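Topology and contacts: notes
The lines below spell out each chain.
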Amino acid sequence: MSTSTPYTRFQTTLHSVLKKINLERGDNALFDEPQFSHKKDLTITRDDGSKDTFHAFRIQYNNARGPFKGGIRFHEHADEDEVKALAALMAIKTAVVNIPFGGAKGGVQVNPKELSKKEVQQVARAYVQEFQENLGPDIDCPAPDVNTNPDIMAWMRDEYEKLTRSYSPAMITGKPLEFGGSKGRDTATARGGFFILQEMVDRLALDPSDMRVAIQGFGNAGAHMAKFLHNEGYIVVAVSDSQGGIYSPEGIDPVRIAKYKEKTGAVTGEYCEGSVCDIGRMKMDDVQKITNAELLELDCDILIPAALDNVITEDNAKRIKAQYILELANGPTTPEADAILEKNGVRVIPDVLANAGGVTASYFEWSQGRSGEQWTAKIVDERLKRVMLEGYKAVRREARREDMTYREAAFAVGIKRMMAAMKVRGWI
Ligand code: GLU
């Protein structure tokens, strides 16, 4: 078992790329630690009158290219190290797709599924109260991440505007449509990954109807991806959520799963609305129940991790049968697994490119919040496609020129763009 942590895994990749692009020693230091790490405790009053306190973080990795940007996750395992790694990945990601932001991430160490809606709202507002002076449209603009959603973004904006006595729709993205959200933001993470996958499939002259896809995670990214792929003729052979998954070699209809989700939304609880909380209970013909670990090793062509990090490791990488991996989750593959996959000829489209559609649509939302414009769904979709394909092209080019994997190439593109901004600022 490896003793690595999310941040040491990030550093392993970072350092190997810095070496490959011959960066001078002194310059490396700028990438070693985040610019700012903010830590607070959030106290809420539970519905039964008792008090509860949760550790919370906002880690601001780098803002050379623009305001800090990145989501806030509510998860019991969100600790400082994990949030730090995710903040660093955000800085690389915004640079890979060339949008004018830096990278940050937030986290609250809480299991929101154990809280009532009222209690979740308190956590959201307490977060803004504690970190307010470090947030703002030109300073640091949060967004949704694991277990956070548009409602939570709305409470956070409202709290911020109350505290600062301002109108600040651009202080946060991923808001509800009726409260400053952008069309297309909800589907953007999946949509962006879908554009890249389609481009890859086209370039390789593959036929979508021959492509069997397994998707781990049925949250915002995984569920929308399943639908896009199904509609385009791909065969979605497996999906899963935190409770487990289902597999059918003939293909699964994601629309049926979405219907089941609607039907059982009430029994699966308030918080779980919008995700399938227990796919395993679905009564479907010709489907087999599988575990999340089994899903990763299925006989399929494309594997899409769309849940949490650290799932493809040195322990299971050699058993992965898919030829292509599209990382909609952040940090799903460890550096050791990367090496095994490369040896086995598996092409990995890395998180910092594959899931950048979310933050790209956030940039569109931020722009609309500042200008007062409202873009149509068509404009958002066209611009998202353009930005994603440009990012993909830059990564492909770098990979070819420097003989790198796509992850290394994406890091190289991101690091070079960050360095260029740091140079003109006179930081180096
Ligand atoms: N949480 C998303 C990510 O990891 C979106 C961040 C954003 O929109 O700022 O990319």
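Above this text sits the structure in question.
Residues numbered from 1 in each chain as written. Predicted model: local features only at pLDDT ≥ 70, side-chain atom pairs only at ≥ 80, totals over all residues. Heavy atoms only, no water.

Quick word on the sheet that holds strand 5 (residues 140-144)
Rule in force here: Strands were regarded as paired on the criterion that DSSP finds at least two bridges between them. Starting at the N terminus, helices and strands are each numbered in turn, a helix being any DSSP run of H or I of at least four residues and a strand any DSSP run of E of at least two. Every axis in this analysis is a line fitted to C-alpha atoms, fitted for helices over the stretch in contact. Angles between the N-to-C directions lie between 0 and 180 degrees.
As summarised here, the arrangement of the five strands in space is 1-2-4-3-5, forming an open sheet in which the pairing is mixed. The sheet is open, and its two edges are formed by strand 1 (36-45) and strand 5, each paired on a single side. Within the sheet, the average angular offset between the axes of one strand and its neighbour, ignoring direction, is 20 degrees. Relative to strand 2 (residues 51-62), strand 1 is paired through 10 bridges, and the arrangement is antiparallel. Across the sheet, residue Leu42 finds its bridge partner in strand 2, namely Phe54.

What to know about the packing of helix 12 (residues 357-371) against helix 13 (residues 377-402)
Geometrically, a packed helix pair is captured by the angle between its two axes and the distance between the axes. Using the following cut-off: Oblique is the label for every angle not falling under 35 degrees (roughly parallel), over 145 degrees (roughly antiparallel), or within 65 to 115 degrees (roughly perpendicular). Rotating anticlockwise by less than a right angle from the far helix to the near helix defines a left-handed crossing, while the corresponding clockwise rotation defines a right-handed one. In what follows, residue pairs with any heavy atoms lying within 4.5 Å of each other are defined as contacts. Classification convention: Asp, Glu, Lys, Arg as charged; Ala, Val, Leu, Ile, Met, Phe, Trp, Tyr, Cys, Pro as nonpolar; all other residues, Gly among them, as polar.
It is the contact of helix 12 with helix 13, at a shortest axis distance of 10 Å, that shows an interaxial angle of 130 degrees. In terms of orientation, helix 12 and helix 13 fall into the oblique class. Of the two possible hands of crossing, helix 12 and helix 13 adopt the one that is right-handed. Of the residues in helix 13, those touching helix 12 at Gly357, Thr360, Ala361 and Phe364 are Val380, Arg383, Leu384, Val387 and Met388. Across the contact of helix 12 with helix 13, the residue classes break down as six nonpolar, two polar and one charged.

Points about the packing of aromatic side chains
The description of an aromatic ring pair rests on the distance of the ring centres and on the angle between the ring planes. As a reminder, the rule being used: Working definition: a ring pair exists when centres of Phe, Tyr or Trp rings (six-membered ring for Trp) sit within 6.5 Å. Plane angles under 30 degrees give stacked, over 60 give edge-to-face, the rest tilted. Throughout, exposure labels follow a simple rule: accessible area from a 1.4 Å probe, protein chains only, divided by the maximum for the residue type, with under 20% read as buried, over 50% as exposed, and the rest as partly exposed. Placement of a positive charge over a ring is assigned whenever Lys NZ or Arg CZ falls within 6 Å of the ring centre and within 35 degrees of the normal to the ring plane.
Scanning all chains against the criterion turns up 13 aromatic pairs. Aromatic side chains Phe194 and Phe228 sit 5.7 Å apart centroid to centroid with 40 degrees between the ring planes, which places their arrangement in the tilted category. Highlighted residues: Phe194 in helix 6 (residues 188-203) and Phe228 in helix 7 (residues 220-231), separated in sequence by 34 residues. Comparing Phe194 with Phe228, the two get one shared label, buried. Measuring from ring centre to ring centre gives 5.2 Å for Phe364 and Trp375, while their planes differ by 40 degrees; the resulting arrangement is tilted. Placement of Phe364 in helix 12 and of Trp375 in the loop between helix 12 and helix 13 is noted, with a sequence separation of 11 residues between them. Assessed through its relative accessible area of 12%, Trp375 is described here as buried. Aromatic rings pair up to connect Phe101, Tyr363, Phe364, Trp366 and Trp375 into one cluster. Over the ring of Phe179 we find Arg157; its NZ or CZ atom is 4.0 Å from the centre of that ring. Over the ring of Tyr392 we find Arg396, and its NZ or CZ is 4.6 Å from the ring centre.

Let's talk about the packing of helix 1 (residues 6-20) against helix 14 (residues 406-425)
Between helix 1 and helix 14, the shortest axis-to-axis distance is 9 Å and the interhelical angle comes to 75 degrees. Between helix 1 and helix 14, the angle falls in the class roughly perpendicular. Taking contact as the criterion, the partners of Phe10, Thr13, Leu14, Ser16, Val17, Leu18 and Lys20 in helix 1 are, on helix 14, Arg407, Glu408, Phe411, Ala412 and Ile415. Looking at side-chain class alone, the contact of helix 1 with helix 14 contains seven nonpolar, two polar and three charged residues.

Overview of the pairing of strand 3 (residues 68-74)
Selection rule: Throughout, right-handed denotes a crossover for which the path from the first strand over the helix to the second runs clockwise when the strands point away from the viewer.
Where burial is concerned, most of strand 3 is hidden: seven out of the seven residues are buried. Sheet analysis places strand 3 next to strand 5, joined by five bridges and oriented parallel. Within the sheet, the bridge partner assigned to Gly70 lies in strand 5 and is Pro142. A crossover links strand 3 with its parallel partner strand 4 (residues 103-108), the connecting element being helix 3 (residues 80-96), and its sense is right-handed.

What about the pattern of salt bridges?
Spelled out, the test is: Definition used for salt bridges: Asp or Glu carboxyl oxygen within 4 Å of a side-chain nitrogen of Lys or Arg.
Within this structure, the stated rule accounts for 28 salt bridges. The residue Arg73 makes a salt bridge to Glu82 at a minimum N-O spacing of 3.5 Å. The exposure class assigned to Arg73 is buried, which follows from its relative accessible area of 4%. A single network of salt bridges, built from pairs that share partners, joins Arg73, Glu82, Lys105 and Asp145.

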